[in-house]
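# Report on the structure
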Amino acid sequence: DVKVTQSSRYLVKRTGEKVFLECVQDMDHENMFWYRQDPGLGLRLIYFSYDVKMKEKGDIPEGYSVSREKKERFSLILESASTNQTSMYLCASSTSSSTDTQYFGPGTRLTVL
Amino acid sequence: KDQVFQPSTVASSEGAVVEIFCNHSVSNAYNFFWYLHFPGCAPRLLVKGSKPSQQGRYNMTYERFSSSLLILQVREADAAVYYCACLISSGSARQLTFGSGTQLTVLP
């Protein structure tokens, strides 16, 4: 079974703090994704990566950056957290085959005070 | 902007067949994906494809710009959020565009 793990289930940070959300997958997938989930807005893509050291902006990249130094790990960085970044963050991974099924982690609930 | 549309809520009685409809405005989409999401858990793929398909109690219909998820013999335990997504190709990468999710309520 594919396993996608996220470093924290719950995180509380203060405005202005630098925040790192870590995601690790164990299936040698080329593609990795970061989404945020908000009520009524569904899953919105923040950033994705299709190879080590490669990254692409998604629909809502403002206020975020990412890092992919190793194939299995994809980090989401909030340089200076703000209250409007309080959300559920979901990581996913997929192969580059035509089926493109994404496998998700359980999510990190981030609260910015 | 390419978008995927689905109802925000659907309610059903236990034992019925539930249909959740989805349509999109994505010009270069070619697959639909249906995910199930229970709070606190990882979203899980139910069914996918570019043609009608079935996985257990889950059926997916397919048209070029729309799809429905049908859940047979729905149970109270099926109450969750269901996401519809379309696969689009953007340059060298492919990505999913998700709808806003449909909360299914099952009445006993």
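Above this text is the structure in question.
Our subject in this report is the structure included herewith.

The rules behind these values
Residues numbered from 1 in each chain as written. Chains lettered and ligands numbered in written order. Predicted model: local features only at pLDDT ≥ 70, side-chain atom pairs only at ≥ 80, totals over all residues. Heavy atoms only, no water. Buried < 20%, exposed > 50% of the residue type's maximum accessible area, 1.4 Å probe, protein only. Helix = DSSP H or I, 4+ residues; strand = E, 2+ residues; numbered from the N terminus. Pairing = 2+ DSSP bridges. Core = buried A, V, L, I, M, F, W, Y, C linked by side-chain atoms within 4.5 Å. Contact = heavy atoms within 4.5 Å. Polar contact = N/O pair within 3.5 Å; in protein donor to acceptor, adjacent residues only side chain to side chain.

### Examining the pairing of strand S9 (residues 87-94) of chain A
Residue and element names in this part refer to chain A. Among the 8 residues that make up S9, 8 are buried, leaving the element largely enclosed by the rest of the structure. Residues of S9 alternate between two faces, with Ser87, Tyr89, Cys91 and Ser93 on one and Met88, Leu90, Ala92 and Ser94 on the opposite face, all of them buried. In this structure, strand S4 (residues 31-38) lies alongside S9, joined through 7 bridges in antiparallel fashion. Its bridge partner lying in S9, methionine 32 is registered against serine 93.

### Here's the deal with the nonpolar core
Ranked by internal contacts, the top residues of the largest apolar core, which has 24 residues, are B:Val18, B:Trp34, B:Leu46, B:Leu69, B:Ile71, B:Tyr82 and B:Leu104. Elements with a minimum of two residues in this core: strand S3 (18-24), strand S4 (29-37), strand S5 (44-49), strand S7 (58-60), strand S8 (66-71), strand S9 (81-90) and strand S11 (102-107) of chain B. When residues no more than four places from it in sequence are discounted, the contact partners of B:Tyr82 are B:Gln6, B:Ile20, B:Tyr35, B:Leu36, B:Leu46, B:Leu69, B:Ile71, B:Gly101, B:Thr102 and B:Leu104. By size, the runner-up hydrophobic cluster in this structure holds 20 residues, among which are A:Leu11, A:Val66, A:Phe74 and A:Leu78.

### A few points about the environment of A:Glu79
Residues and elements named next belong to chain A. In this fold, glutamate 79 is placed in the loop between strand S8 (73-78) and S9. In sequence terms glutamate 79 and phenylalanine 20 are 59 residues apart; their C-alpha atoms lie 8.6 Å from each other. Ignoring any residue separated from it by four or fewer positions in sequence, one finds glutamate 79 in contact with Gly16, Glu17, Lys18, Gly63 and Ser65. Among the polar contacts made by the side chain of glutamate 79, one reaches the side chain of lysine 18 at a distance of 3.5 Å.

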